[in-house]
Amino acid sequence: MKYSLVLILIILAAVLVLKLVKCDTDYKPSVSFNKPELFHNTDWRIYHMEPDLYRDDGSIMFSYKYLNTTDGTTPTTLATIQSSSIRGFKQVNKTHVAVAAHSQHCIKMLNRVDNSLRTLAGTCGSTGYVEGGVGTGRLYYPYGIEIDVRNPDRLLVTDYFNHALRSVDLHTGELSTVINSGFNHPRYVVWADNKLLVSNYHYISQVSWGADGSVTNIKLAGSLSPGYVDGSFNTSRFYSPLGITRVGYNMYLVADCDNKVLRLLDLNSKQVGPVCFDGETSCTISSQLPDYPWSILKVGEDVYVGMWSKGIYKLSGIRLPFDNLTVYLNPGENTAEYKLPGSSYTGYFQEGSYKFSREYNNYPEKSFYYITVLKSPIVRRLMFVSRYDVSCMLVKNAYNRETLIPSISQQKRHLQTICAPDCNMSAEIETWYKCKNNELTVYWPTDKTFSVATKEVPNKLRDELRERLVGHETEYSNVKFQAPRNRTVEARPNTRGERIHFLLSSTCADKTLSYNSANDLCN
């Protein structure tokens, strides 16, 4: 009887889990806000907005006839740019702003400290499609600007009438072409990890870079024809999409200008959904805005929408009830352990997409969310590391290496007793060392790996390894040199007296890609 009851409970639990993770092809993402309220009044359309880095007081810099901030201060030097010329801009740092002088067909650089303005790229007053330096290169209505995260010394510029993505060297002003296919009057750009989302005439495209240097541009969502259709990317339609801003992981709001609404671009489910305001009976179609939206910016929990002629509106109280989540498999594992948010249930999920529901205040019709389980693009490997104060000339000496390398290998066998039972010293990756500025660093890799979501060695694992090292740390980290006088070198302790450290070394799961530590991405 007891075993029968246990079996029944197991079956019921399995049925519950199957019910929870059943995918629903009718799922459509949505997001809700409080009703929009006027934030800043203007007499002209708002082309682009960014938090004002120079003032750093909560002001928003925006372009319309000139370059302005929300306190009304206008940099006087920008008055030399003809009316309505500015479209996009990008603050490359706190004091310098790259400006797309749209009607003058060039890129200018504003110095906020002395209000000086100079031509950065292109030939002001001349149109064309030419690569080259200042006064030689040609643009044809430059529109959006973004810093190239793959190379922060370059800007990416959408070239509206040339239907191209151009690149500008911030130091020399050299203008070149990234790609000139797949665009239809490209407007604004925003990064989605290491890919670039671009608003075009009635669709959103996605620019990607390959490890071999190749560049591709595909139509991601929308169509060559205008309309309003939510749903899957390949059937959705926009009507002149413009500004794009990130509101959550893989979720972006799009200013769908001629539809007079905002749309939700959900890269997790590959669907387009509505954006609604309080008072709607159900969020099945986007709520109408007071004016045609042009630009959009998320700051904290608020979203600002720049309109065609009625200034900037503020949307507060953002609600993403479905809270789409991404969980990564640890390398070499087929399931990921994950505790559902707001629940005591812990599930074990294989690669795929799973739909769940939960109550969210008074919005039960919007309380669905997806958990997407992916293979980790980055492998974090546990390493044992020690550092030594030693001349690099000694390390380079072939006679010394005959003793150094065996001593490092011997310590690897010692460290195996520390690693077990949580890990093993790697049989796949050899121990290695490097010497720079008279500091020798030795790396002992293990077979313990984590997904991209793990940024540091977990505290529990670190504490257990540290406890096993007690009384052995000096002995297990010493290395030897033949000269001078068959010398033993102790590892240098850190401020906590530790001679052996633990860290996670990151590499790309796809061996054709290279890991970029600056932005923690594989390119």
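Before going further, it helps to spend a moment on the overall build of the chain. What the chain contains, in helices and strands, is four helices and 38 strands. For the chain, the residues scored as buried account for 50% of the 523 residues in total. Sequence-distant contacts, at least 24 apart, represent 54% of the contacts inside the chain between residues at least 6 apart.

Before going further, it helps to examine the sheet that holds strand 24 (residues 302-307). Here we have four strands laid out as an open sheet, ordered 2-25-24-23, and antiparallel in their pairing. Bordering the open sheet on either side are strand 2 (37-40) and strand 23 (293-299), each of which pairs with just one other strand. When the angles between neighbouring strand axes are averaged without regard to direction, this sheet yields 35°. Pairing of strand 23 with strand 24 involves six bridges; the strand directions are antiparallel. By the bridge assignment for strand 24, P293 is matched with M307.

What follows deals with the nonpolar core. F384, Y388 and L440 are the most contacted members of the largest nonpolar core, which has 28 residues in total. For this core, the secondary-structure elements that each account for two or more residues are strand 31 (378-389), helix 3 (398-419), strand 33 (439-450), helix 4 (459-469), strand 34 (479-481) and strand 36 (501-508). Excluding its chain neighbours within four sequence positions, the residues that come into contact with L440 are S386, R387, Y388, V390, V395, L404, Y433, K434, C435, V479 and F481. In this structure, F277, L289, V303 and I318 belong to the second largest nonpolar core, which totals 18 residues.

This part covers the sheet that holds strand 16 (residues 203-209). Taken in spatial order, the four strands of this open sheet run 14-15-16-17, and their pairing is antiparallel. Looking at strand neighbours, the two that pair on one side only are strand 14 (189-192) and strand 17 (215-222), the edges of this open sheet. Each strand of the sheet is rotated relative to its neighbour by a mean of 25°, with strand direction disregarded. Looking at chain direction, strand 16 and strand 17 are connected through seven bridges and run antiparallel. What sits directly across from Q206, in strand 17, is I218.

Now for the layout of surface pockets. For the largest pocket, the calculated volume is near 1000 Å³. D193, N194, K195, Y249 and Y328 are the residues nearest the centre of the largest pocket, which is lined by 33 residues in total. Mapped onto the lining of the largest pocket, the elements with two or more residues apiece are strand 16, strand 26 (325-329), strand 30 (368-375) and strand 38 (521-522). When residues of the lining of the largest pocket are assigned to their parent elements, the largest contribution, three residues, is made by strand 16. Along the lines of polarity and charge, the residues of the lining of the largest pocket split into 17 nonpolar, nine polar and seven charged. Empty space within the second largest pocket amounts to approximately 420 Å³. Lining the second largest pocket are 24 residues; nearest its centre among them are H48, M49, K90, E146 and L297. Mapped by element, the contributors of at least two residues to the lining of the second largest pocket are strand 3 (48-51), strand 6 (86-91), strand 10 (142-147), strand 14, strand 19 (241-248) and strand 23. Considering only residue class, the lining of the second largest pocket consists of 12 nonpolar, seven polar and five charged.

All right, on to unusual backbone geometry then. Here the residue pair A420 and P421 is connected by a cis peptide bond, since its omega of 5° sits within 30 degrees of zero. Its place among the elements puts P421 in the loop between helix 3 and strand 32 (432-436). Even without being glycine, H202 reaches a positive phi, approximately 85°. Here H202 is to be found in the loop between strand 15 (195-199) and strand 16. What makes H202 buried here is its relative accessible area of 4%.

Attention now goes to helix 4. An α-helical segment advances 3.6 residues per turn. Residues three or four places apart therefore align on the same side. Burial in helix 4 covers these residues: L461, L465, R466 and L469. Buried residues of helix 4, seen end-on, are gathered within an arc of 130° and therefore sit on one face of the element. Turned more than 90 degrees from where helix 4 packs its buried face, N459, K460 and E467 sit exposed. The elements touched by buried residues of helix 4 are strand 31, helix 3, strand 33 and strand 36. Looking one or two residues past helix 4, G471 carries a phi angle of roughly 85°, positive in sign.

Inspection of the entire model under this criterion finds five disulfides. Between the sulfur atoms of C106 and its disulfide mate C124 the distance is 2.0 Å. Its S-S torsion of about 90° marks the bond between C106 and C124 as right-handed, since a negative value means left-handed. Taken together, the positions of C106 in strand 8 (residues 106-111) and C124 in the loop between strand 9 (116-122) and strand 10 put the pair 18 residues apart, joining distant regions of the chain. C106 sits in the buried class, given a relative accessible area of 0%.

Mapping K90 onto the fold places it in strand 6. The contact partners of K90, leaving out residues within four places of it in the chain, are E50, H96, V97, A98, I145, E146 and I147.

Take the packing of aromatic side chains next. Scanning the model with the defined rule gives 14 aromatic pairs in all. Taking the centre distance of 5.1 Å and the plane angle of 80° together, the rings of Y143 and Y188 count as edge-to-face. Here Y143 is found in strand 10, whereas its partner Y188 is found in the loop between strand 13 (175-179) and strand 14, with 45 residues between them in sequence. By the burial criterion, Y143 is buried, and Y188 matches it.

We now examine the side chain of S295. Positionally, S295 belongs in strand 23. Residue S295 is classed as buried on the basis of its relative accessible area, which comes to 3%. At a separation of 2.9 Å, a polar atom in the side chain of S295 contacts the main-chain carbonyl oxygen of I46. Excluding its chain neighbours within four sequence positions, the residues that come into contact with S295 are I46, Y47, H48, M49, G243, Y304, V305 and G306.

In this section: the pairing of strand 22 (residues 271-277). Of all the seven residues making up strand 22, seven are buried; the element is thus mostly covered by neighbouring parts of the structure. Summarising the sheet, strand 1 (residues 31-33) and strand 22 pair through three bridges and their orientation is parallel. The residue bridging S32 from the neighbouring strand is C276, located in strand 22.

What counts as what
Residues numbered from 1 in each chain as written. Predicted model: local features only at pLDDT ≥ 70, side-chain atom pairs only at ≥ 80, totals over all residues. Heavy atoms only, no water. Helix = DSSP H or I, 4+ residues; strand = E, 2+ residues; numbered from the N terminus. Buried < 20%, exposed > 50% of the residue type's maximum accessible area, 1.4 Å probe, protein only. Contact = heavy atoms within 4.5 Å. Pairing = 2+ DSSP bridges. Axes fitted to C-alpha atoms, helices over the stretch in contact; angles between N-to-C directions. Core = buried A, V, L, I, M, F, W, Y, C linked by side-chain atoms within 4.5 Å. 1 Å grid on protein atoms, 1.4 Å probe; cavity = no way out; pocket = protein on both sides within 12 Å on 5 of 7 lines; lining within 4 Å. Points joined across faces, edges and corners; volume = space filled by probe spheres on them. Nonpolar A, V, L, I, M, F, W, Y, C, P; charged D, E, K, R; others polar. Arc of directions from axis to C-beta. Disulfide = S-S within 2.5 Å. Phe/Tyr/Trp six-rings, centres within 6.5 Å; stacked < 30°, edge-to-face > 60°. Polar contact = N/O pair within 3.5 Å; in protein donor to acceptor, adjacent residues only side chain to side chain.

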